Amino acid sequence: MLGWLLLVATLGMALAGAASYVVQRNLVDARIDRSLQQEVEELRTFARSGLDPATGQPFDSLQSLFYAALQRNVPDENEAFLTLVGGEVAYFSPGQRPVRLQDLPPVVEAAAAVGPDDDARIATVATAVGDVRYAAVPVLLDGASPGGHGVYVVGIGRDLEQAQVAEASRTFGVVALASLALVALLGWVVTGRLLAPVRALGETAQRITDTDLDERIPVTGHDDLSELARTVNGMLDRLQHALATQRDLLDDVGHELRTPITVLRGHLELLDAADPAEVAETQALLLDELDRMNRLVGDLLTLAKARRPDFLRRQVVDVDDLLDDVLVKARGLGRRRWVRDARSTAVLTADPQRLTQALLQLAANAAAHTGEDDEVGLGSAQGEGVVRLWVRDTGPGVPDADRERIFTRFERGTSSRGQDGSGLGLTIVTAIAEAHGGRVELDSEAGQGATFSIVLNHPGPAPLADTMPLPEADAGNRTTAPATGR
């Protein structure tokens, strides 16, 4: 990438330098020609209307004309004048100058070849000091004294003038090389930083295996590559969660389904097909085990789907109506004193079916840990930016030793009254709450019942008249469910 950048920059600078060099040389040549044309015009004007300084009269000889013309003209640095009368050098620019036309035979010979009837000539000749661009003008004076015609020569060292362009081009080359070196250095640093996420991505991908997905790409910038690294990190997070869910599912299936399968196999191997009573008994037992396996598979699939984006189907939910529906359904779980504790006017954006599933699971837990004389209440309250949905019971409560254990997969409370659950109930409730961005809390004292609450975020204001407190419980006995069932 840096090599291509430098190549393009080099070609661009080379083209710019070459174009500038050609343009500047052409400008110098044009300036030289304009200067020569100006000198020719000035001489013609001076010859027509000028006066001899010595006599105050029009010039009567070529010598006096040329002498006066050279006296009034001051040549530029690389410019010089030369006059010829009768083919011989008459006057020239004095002093030590870079260009001395009288010492350059090609210029003298070219000027001497200009006849009295020729037009002014502008040409270039090669000399010892390089190319010289000159203008040779034949001069004749009416009534001038004998001596032949004259030639007035203005010469400018073309190579000497172009040397400034060459020097500027060399300076441009040095600056261009320095610029390219600076671009290479800065480009190396910048591209290194820009491509660091790509290198880190490759290195991380090499370290990641199907058993180690903890590696992440370090991200510090805010450019497109950094955003790509963040996207890849997010993908790795989702992949890690998916693999973790898959492992948990496989572990759970292997752990929980092995026992009922062994039971089924054992009874089938020992079954006496000739004994109708034994066949009927075994059939009932096998069907019960199959029903339990079916419930277990359903629970495991629910947990496996809990982290999928389509796990929830959100819609507007009236909390009060939802709890009324759940209470009606919960009455079929057992002969208990089912009551409604409190109401609220909260409206949520949630999945009503998943919330119903979670609340019914909590109601089933309460029924499993209470008797016919116990009370089970459902209620809701809104306040402090949350909505709380709870299921409470007047059963024996949750012992301190079971507080954490009941939220672990396949663990059951010690106070269950014989209902054979899968041990995934509270795990499912917790998964549903977390999918809604909430949590599960437990308030319980030994011998005084238990209250399980689903706490969901609710940013809307709460009317004080509609806000009901949670049934009294010792705050010190509150437990927040970890992300793992009673």
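Residues numbered from 1 in each chain as written. Predicted model: local features only at pLDDT ≥ 70, side-chain atom pairs only at ≥ 80, totals over all residues. Heavy atoms only, no water.

Enquirer: Explain the pattern of salt bridges here, please?
Expert: A side chain of one charge can pair with a side chain of the opposite charge when the charged atoms of the two come close. Taken as a whole and judged by the stated rule, the model has 17 salt bridges. One salt bridge in this structure joins arginine 337 and glutamate 375, with 3.1 Å as the shortest N-O distance. Placement of the pair is arginine 337 in strand E7 (residues 337-340) and glutamate 375 in strand E9 (residues 375-383), with a sequence separation of 38 residues. On the accessibility criterion, glutamate 375 (17% relative accessible area) is buried. In this structure, glutamate 375 and arginine 392 form a salt bridge, with 2.5 Å as the shortest nitrogen-oxygen distance. With glutamate 375 in strand E9 and arginine 392 in strand E10 (residues 386-393), the pair connects residues that are 17 residues apart, well separated along the chain. (Salt bridge = Lys/Arg side-chain N within 4 Å of Asp/Glu carboxyl O. Helix = DSSP H or I, 4+ residues; strand = E, 2+ residues; numbered from the N terminus. Buried < 20%, exposed > 50% of the residue type's maximum accessible area, 1.4 Å probe, protein only.)

Enquirer: What's the story with the pairing of strand E3 (residues 121-127) in this structure? I'm lost.
Expert: One ladder, built from seven bridges, connects E3 with strand E4 (residues 130-139); its direction is antiparallel. Note that in E4 the partner of threonine 127 across the bridge is glycine 130. (Pairing = 2+ DSSP bridges.)

Enquirer: Explanation requested: the sheet that holds strand E2 (residues 88-92) in the structure shown.
Expert: Strand pairing in a sheet is mediated by backbone hydrogen bonds. Such pairs are either parallel or antiparallel. The strand order across the open sheet built from five strands is E2-E1-E5-E4-E3, with neighbouring strands paired in antiparallel fashion. Looking at which strands have only one partner, the edges of the open sheet turn out to be E2 and E3. Taken over all neighbouring pairs, the strand axes of this sheet differ in orientation by 30° on average, direction set aside. The pairing of strand E1 (residues 79-85) with E2 spans three bridges and is antiparallel. Looking at the pairing, valine 85 lines up with glutamate 88 of E2. Running at roughly 175° to E1, helix H2 (residues 62-72) makes contact with E1, E2, E4 and strand E5 (150-157) of the sheet. Taken strand by strand, helix H3 (residues 105-112) contacts E1, E2, E3, E4 and E5, and its axis lies near 150° from that of E3. (Axes fitted to C-alpha atoms, helices over the stretch in contact; angles between N-to-C directions. Contact = heavy atoms within 4.5 Å.)

Enquirer: What exactly am I supposed to notice about the side chain of asparagine 233 here?
Expert: Position of asparagine 233 relative to the elements: it lies in helix H5 (residues 224-256). According to the relative accessible area criterion, asparagine 233 is buried, its value standing at 12%. The residues contacting asparagine 233, other than those within four sequence positions of it, are Arg216, Ile217 and Val219.

Enquirer: So what exactly am I meant to see when it comes to the packing of aromatic side chains here?
Expert: Given two aromatic rings, one states the distance between the centres and the angle between the planes to describe the pair. Considering all chains together, one arrives at four aromatic pairs under this definition. Ring plane angle 35° and centroid distance 6.3 Å describe the contact between phenylalanine 66 and tyrosine 152, whose orientation is recorded as tilted. In this pair, phenylalanine 66 sits in helix H2 while tyrosine 152 sits in strand E5, placing the two residues 86 residues apart along the sequence. With respect to class, phenylalanine 66 is no different from tyrosine 152; both count as buried. Relative to tyrosine 152, the ring of phenylalanine 81 has its centre 6.0 Å away and its plane inclined at 40°; by these criteria the two rings are tilted. Of this pair, phenylalanine 81 sits in strand E1 while tyrosine 152 sits in strand E5, placing them 71 residues apart in sequence. In this pair, the class of phenylalanine 81 matches that of tyrosine 152, namely buried. (Phe/Tyr/Trp six-rings, centres within 6.5 Å; stacked < 30°, edge-to-face > 60°.)

Enquirer: Mind showing me how you'd approach the pairing of strand E8 (residues 347-350) here?
Expert: Regular strands place their side chains on alternate faces of the sheet. Residue alternation in E8 divides its side chains into a buried set, Leu348 and Ala350, and an unburied set, Val347 and Thr349. Sheet analysis places strand E6 (residues 315-318) next to E8, joined by four bridges and oriented antiparallel. Looking at E8, one finds that valine 317 is bridged to leucine 348.

Enquirer: When you look at unusual backbone geometry in this model, what are you seeing that I'm missing?
Expert: Excluding glycine, residues mostly have negative phi values, and the peptide bonds linking residues are mostly trans. Not every positive phi belongs to a glycine, and glutamate 384 is a case in point at roughly 55°. With respect to the secondary-structure elements, glutamate 384 resides in the loop between E9 and E10.

Enquirer: Help me understand the packing of helix H8 (residues 319-330) against helix H9 (residues 352-368), please; the structure alone is not making it clear to me.
Expert: The relative placement of two packed helices is expressed as an angle between their axes plus a distance between the axes. The contact between H8 and H9 brings their axes to 10 Å, and the two run at 45°. Relative to H9, H8 is oriented oblique. Two packed elements cross with a definite hand, and for H8 against H9 that hand is right-handed. Every residue of H9 that contacts H8 at Leu322, Leu323, Val326, Lys329 and Ala330 is listed here: Pro352, Leu355, Thr356, Leu359, Leu360 and Ala363. Taken together, the residues that form the contact of H8 with H9 break down as nine nonpolar, one polar and one charged. (Parallel < 35°, antiparallel > 145°, perpendicular 65-115°, else oblique. Left-handed = near helix turned anticlockwise from the far one by under 90°. Nonpolar A, V, L, I, M, F, W, Y, C, P; charged D, E, K, R; others polar.)

Enquirer: Just checking my understanding: could you explain a nonpolar patch on the surface for this structure?
Expert: A surface patch of nonpolar side chains, about 980 Å² in accessible area, is lined by Met1, Leu182, Leu185, Leu186, Trp188, Val189, Val190, Leu194, Leu195 and Val198. Here leucine 185 shows up in helix H4 (residues 158-207). When its relative accessible area of 53% is taken as the criterion, leucine 185 is described as exposed. (Patch = residues over 30% accessible without salt bridge, like charges linked within 9 Å, V, L, I, M, F, W, Y side chains within 5 Å. Areas by Shrake-Rupley, 256 points an atom, 1.4 Å probe, with all protein chains shown as cover.)

Enquirer: How do you make sense of H9 when you look at a structure like this?
Expert: Three- or four-residue spacings in an α-helix give side chains the same orientation, since the helix completes a turn every 3.6 residues. The end-to-end C-alpha separation of H9 is 24 Å, in line with the 24 Å expected for 17 residues at 1.5 Å each. In terms of residue burial, H9 counts as a mostly covered element, since twelve of its 17 residues are buried. With a side-chain oxygen positioned 3.0 Å from the backbone nitrogen of glutamine 353, the residue opening H9 is aspartate 351. (Expected span 1.5 Å × (residues − 1). Polar contact = N/O pair within 3.5 Å; in protein donor to acceptor, adjacent residues only side chain to side chain.)

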